[in-house]
Amino acid sequence: MTALIAPHGGTLIDLVASGAALDAAKKRLLTAASWDLTARQVCDVELLLNGGFSPLRGFLNQADYDSVVETLRLKDGTLWPMPITLDVSETFAASVSVGQDIALRDSEGVALAILTVESKYTPDKKKEAVQVFGADDTAHPAVQYLHTKAGAVYLGGTLTGLELPTHYDFKHLRTHPKQLRELFTQRGWGRIVAFQTRNPMHRAHYELTKRAAISAEANLLVHPVVGMTKPGDVDHYSRVRCYEHVLASYPESTAMLSLLPLAMRMAGPREALWHAIIRKNYGCNFFIVGRDHAGPGKNSQGKDFYGAYDAQELVKKYQDELGITMVPFQEMLYAENRCEYVPADEVTPDDKVLNISGTEFRRRLQNDIDVPEWFSFPAVLTELKRTYPPKARQGFCLFFTGLSGSGKSTIANAVMVKLLEIGGRAVTMLDGDQVRKHLSSELGFSKEHRDLNIRRIGYVASEIAKSGGIAICAPIAPYAATRRDIRESFEGQAGFLEIHVSTPIETCEARDRKGLYAKARAGILKGFTGIDDPYEAPENPDICLDTSQVSKEEAAQRIVLKLQSLGYIG
Ligand code: PPS
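These numbers were taken from a predicted model, which means no experiment stands behind them.

**Quick look at the side chain of glutamine 394**
Okay, step 1: Among the secondary structure elements, glutamine 394 is positioned in the loop between helix H13 (378–387) and strand E17 (396–402).
Okay, step 2: By relative accessible area, glutamine 394 is classed as buried at 11%.
Okay, step 3: Once residues within four sequence positions are removed from consideration, glutamine 394 is found in contact with Gln366, Tyr388, Pro389, Arg425, Gly468 and Tyr568.

**Brief notes about the site of the ligand**
Okay, step 1: Near the ligand lie 20 residues; those nearest to it are Ser404, Arg436, Arg450, Asn453 and Gly527.
Okay, step 2: Here a nitrogen atom of the ligand and a backbone polar atom of glycine 527 are 2.8 Å apart.
Okay, step 3: In the complex, the protein chains occlude 93% of the 620 Å² of accessible area that the ligand would expose alone.
Okay, step 4: For the shell around the ligand, the secondary structure elements donating two or more residues are helix H15 (432–438) and helix H16 (447–466).
Okay, step 5: A breakdown of the residues in the shell around the ligand according to their chemical character gives eight nonpolar, six polar and six charged.

**Here's the deal with the pairing of strand E15 (residues 340–343)**
Along any regular strand the residues' side chains alternate between the sheet's two faces.
Okay, step 1: Sheet analysis places strand E14 (residues 332–335) next to E15, joined by four bridges and oriented antiparallel. Across the sheet, the residue bridging to methionine 332 is proline 343, located in E15.

**Description of the domain arrangement of the protein chain**
Okay, step 1: By the assigned domains, the protein chain splits into domain 1 (2–161), domain 2 (171–387) and domain 3 (391–566).
Okay, step 2: Look at where the C-alpha atoms of domain 1 and domain 3 centre, and you get two points 39 Å apart.

**Some words on the pattern of salt bridges**
Okay, step 1: With the rule as written, the count across this model stands at 28 salt bridges.
Okay, step 2: Glutamate 336 is the partner of lysine 352 in a salt bridge, and the nearest nitrogen-oxygen pair spans 2.9 Å. Of this pair, lysine 352 sits in the loop between E15 and strand E16 (353–354) while glutamate 336 sits in the loop between E14 and E15, placing them 16 residues apart in sequence.
Okay, step 3: The exposure class assigned to glutamate 336 is partly exposed, which follows from its relative accessible area of 34%.

**Re the environment of leucine 497**
Okay, step 1: Relative to the assigned elements, leucine 497 resides in strand E20 (residues 495–501).
Okay, step 2: Residue classification places leucine 497 among the buried positions, given a relative accessible area of 3%.
Okay, step 3: With residues near it in sequence (within four places) discarded, leucine 497 still touches Cys397, Leu398, Phe399, Asp542, Ile543, Lys562, Leu563, Leu566 and Tyr568.

**Details of the sheet that holds E17**
Okay, step 1: On the basis of which strands lie adjacent, the open sheet formed by five strands has the order E18-E19-E17-E20-E21 and parallel pairing. Across the chains shown, the open sheet's two edge strands, defined by having one partner strand only, are strand E18 (427–431) and strand E21 (543–545). Each strand of the sheet is rotated relative to its neighbour by a mean of 15 degrees, with strand direction disregarded.
Okay, step 2: Sheet topology places E17 next to strand E19 (residues 470–474); four bridges connect them, and they run parallel. Residue phenylalanine 399 lies in a different strand from E19, and its bridge partner there is cysteine 473.
Okay, step 3: Against the sheet, helix H14 (residues 408–422) makes contact with E17, E18, E19, E20 and E21, and its axis sits at roughly 160 degrees relative to E17, the strand it touches most.

**Some remarks on the state of the cysteines**
One covalent bond between the sulfur atoms of two cysteine residues makes up a disulfide.
Okay, step 1: Within this structure, the stated rule accounts for zero disulfides.
Okay, step 2: Between cysteine 284, a cysteine without a disulfide, and cysteine 43, which holds the nearest cysteine sulfur, the sulfur-to-sulfur distance is 19 Å.
Okay, step 3: Here cysteine 473 is not cross-linked by a disulfide; its sulfur's nearest cysteine counterpart is in cysteine 397, at 3.8 Å.
Okay, step 4: What makes cysteine 473 buried here is its relative accessible area of 0%.

**Some points on the nonpolar core**
Okay, step 1: Core analysis: the biggest nonpolar cluster contains 78 residues, and Phe53, Trp80, Ile102 and Leu104 have the highest contact counts within it.
Okay, step 2: With six residues, helix H10 (residues 268–281) is the largest single contributor of residues to this core.
Okay, step 3: Residues within four places of tryptophan 80 in sequence aside, it is in contact with Phe53, Ser54, Pro55, Leu56, Val68, Leu72, Arg73, Leu74, Trp274 and Ile277.
Okay, step 4: Ala216, Leu220, Val327 and Leu365 belong to the second largest nonpolar core, which has 41 residues in total.

**Points about the packing of H10 against helix H11 (residues 310–322)**
Okay, step 1: The N-to-C vectors of H10 and H11 enclose an angle of 40 degrees; their axes lie 8 Å apart at closest approach. Classified by the angle between their axes, H10 and H11 sit oblique to one another. Relative to H11, H10 is oriented so that their crossing is right-handed. Mapping the contact onto sequence places Gly268, Pro269, Arg270, Ala272, Leu273, Ala276, Ile277 and Lys280 in H10 and Asp310, Ala311, Leu314, Val315, Tyr318 and Leu322 in H11.
Okay, step 2: The residue inventory of the contact of H10 with H11, partitioned by class, reads ten nonpolar, one polar and three charged.

**What about the packing of aromatic side chains?**
Okay, step 1: In this structure the tally under the stated criterion is 19 aromatic pairs.
Okay, step 2: Here tyrosine 206 and tyrosine 250 contribute two aromatic rings whose centre-to-centre distance is 4.8 Å and whose plane-to-plane angle is 50 degrees, an arrangement assigned as tilted. Residue tyrosine 206 is found in helix H8 (residues 203–216), and its partner tyrosine 250 is found in the loop between helix H9 (236–247) and strand E11 (255–257); the two are separated by 44 residues along the sequence. Neither tyrosine 206 nor tyrosine 250 differs from the other in exposure class; each is buried.
Okay, step 3: One aromatic cluster is present, built from ring pairs that chain together Tyr334, Tyr341, Phe361, Trp374 and Phe375.
Okay, step 4: Its guanidinium or amino end placed over the ring of phenylalanine 377, arginine 203 lies 4.3 Å from that ring's centre, counting from NZ or CZ.
Okay, step 5: The cationic tip of lysine 447 hangs over the ring face of tyrosine 479; the distance from NZ or CZ to the ring centre is 4.5 Å.

**Overview of the sheet that holds E16**
Okay, step 1: Within the open sheet, the three strands sit side by side as E15-E14-E16. Their pairing is antiparallel. Only two strands of the sheet have a single neighbouring strand rather than two, namely E15 and E16.
Okay, step 2: On the sheet, H8 packs against E14 and E15 and is oriented at approximately 65 degrees with respect to E15.

**Digging into helix H2 (residues 39–50)**
Okay, step 1: Its twelve residues give H2 an end-to-end C-alpha distance of 17 Å, which sits within 8% of 16 Å, the value for a rise of 1.5 Å per residue.
Okay, step 2: Of all twelve residues making up H2, eleven are buried, and the element is well covered by its neighbours.
Okay, step 3: Of all the residues in H2, the buried ones are Arg40, Gln41, Val42, Cys43, Asp44, Val45, Glu46, Leu47, Leu48, Leu49 and Asn50.
Okay, step 4: Following H2 by one or two positions, glycine 51 adopts a phi angle in the positive range, close to 95 degrees.

How each quantity is defined
Residues numbered from 1 in each chain as written. Predicted model: local features only at pLDDT ≥ 70, side-chain atom pairs only at ≥ 80, totals over all residues. Heavy atoms only, no water. Helix = DSSP H or I, 4+ residues; strand = E, 2+ residues; numbered from the N terminus. Buried < 20%, exposed > 50% of the residue type's maximum accessible area, 1.4 Å probe, protein only. Contact = heavy atoms within 4.5 Å. Near = heavy atom within 4 Å. Polar contact = N/O pair within 3.5 Å; in protein donor to acceptor, adjacent residues only side chain to side chain. Areas by Shrake-Rupley, 256 points an atom, 1.4 Å probe, with all protein chains shown as cover. Nonpolar A, V, L, I, M, F, W, Y, C, P; charged D, E, K, R; others polar. Pairing = 2+ DSSP bridges. Domains from an automatic or database assignment. Salt bridge = Lys/Arg side-chain N within 4 Å of Asp/Glu carboxyl O. Axes fitted to C-alpha atoms, helices over the stretch in contact; angles between N-to-C directions. Disulfide = S-S within 2.5 Å. Core = buried A, V, L, I, M, F, W, Y, C linked by side-chain atoms within 4.5 Å. Parallel < 35°, antiparallel > 145°, perpendicular 65-115°, else oblique. Left-handed = near helix turned anticlockwise from the far one by under 90°. Phe/Tyr/Trp six-rings, centres within 6.5 Å; stacked < 30°, edge-to-face > 60°. Lys NZ or Arg CZ within 6 Å of the ring centre and 35° of its normal. Expected span 1.5 Å × (residues − 1).

Now the structure itself:
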């Protein structure tokens, strides 16, 4: 483990052991416990090991965590705005003790690092949400993650790196801080301005970055996040192909593209500060902060979590001690009369500003409608059209939910037949009973088992839909949170329609085609949904059908019409 003084960006931590230290670390693996890292934790480990998170040497201990949450500083006063923590389950936490080694493994079981546990603590997640993300509101993706995905206990301690995570994609663009600093030196780049992005780049981004580089008299590093971004974002494969096209448009030898394996938190101002420190570690001296930097969208009251320029304000506040200079930018707007992009604060009342919103852009892409050249580059549009074929060629999932006997399977089967009649896409039925026979035969009806069952169905359905097929699921799926997670796994990847078969329990019970209600009432069958087990009705289903009011033919027809109106069938 060494601390390098690099020509750019100050001291860089390098936690990957080599030589005798690596051999010694590998011996420790024999007796170490094992933790399977989540996708987000793999990203964090990569940046801890490669120095992207310098000066951190591991996951935060409680004193540093408390200090970061409250003051944006480590306990020694160093500026560090984001809690980098290793969350684990209570069960796992109970099985390890302070001083113990834990092998941190990727999804294939490869040990990336050894954590020497220095502290074990239970965070106040509500406080973390309010202080770090601005509100304890699960409309914020990181707050949602904190409450529903992150484990209850945090482990703190230093890391000994064994190897960096393996990436098979875009290897030529995956440059670590040390490599990037060396590349800058080789090219004679002493002034570098970094541009952070999680979206495809269009002309507004191109113009903004070109202006920023000119104003800072610097070379440009296009540094997109390819670790984890906001659910629903364009996948990084498509984005990187787009960036490669855009890069060719900059003046010769002025710009470079490198990929950042960061897991974003969408924490707006705090995130901007964190991004700036990371870019300093990657050897840059300037960092662009634009409008609504790392914004998470709207809160549960429909308002923005952060002000459009809050991020710039916060970075400005810490500018003197950051070691990297912010290049603040206003939103770039296209003035048709001038045939050019201008920053929002330079627009005059005489200017005719044109705009295409994100929603409108996606609508045009999906419906093969022209997007003007002032908005984007033809090569970028071609790439995105490949990723987002018209809806009539996209895969989707029809997710039925409702009580036993509500009519889910009957309607699902009728819709399946209609879709097969229309043709053009493979249709797969994942019916509740069928799944329990073939996929989940070992599961019962406890909350835990029902969740597992639904997650399996959701996983298979999303794989089918992402590959362009139609998945029809018809489980009871009684829990709202699980259904929401399933929906989320489709966002930006394939269509998803939640269909609530809302037939009242009295009707279901009167039908009792399988005799299960009678058994449940007699107490022979325990934990039966609607009798002595909960059913959380969807609040905003895409379609709601009550088979005590509509016939199964009409119900199926309503779904087909909905699919037509959404463009999923021609
Ligand atoms: S869940 O909750 O979504 O996992 O349930 P699912 O996989 O759809 O399975 C529901 C079918 O199993 C039968 N069955 C029960 N349902 C609810 N509660 C209990 N305790 C239970 N035990 C057995 C029942 O026939 C369900 O089929 P459908 O088609 O819904 O009537």
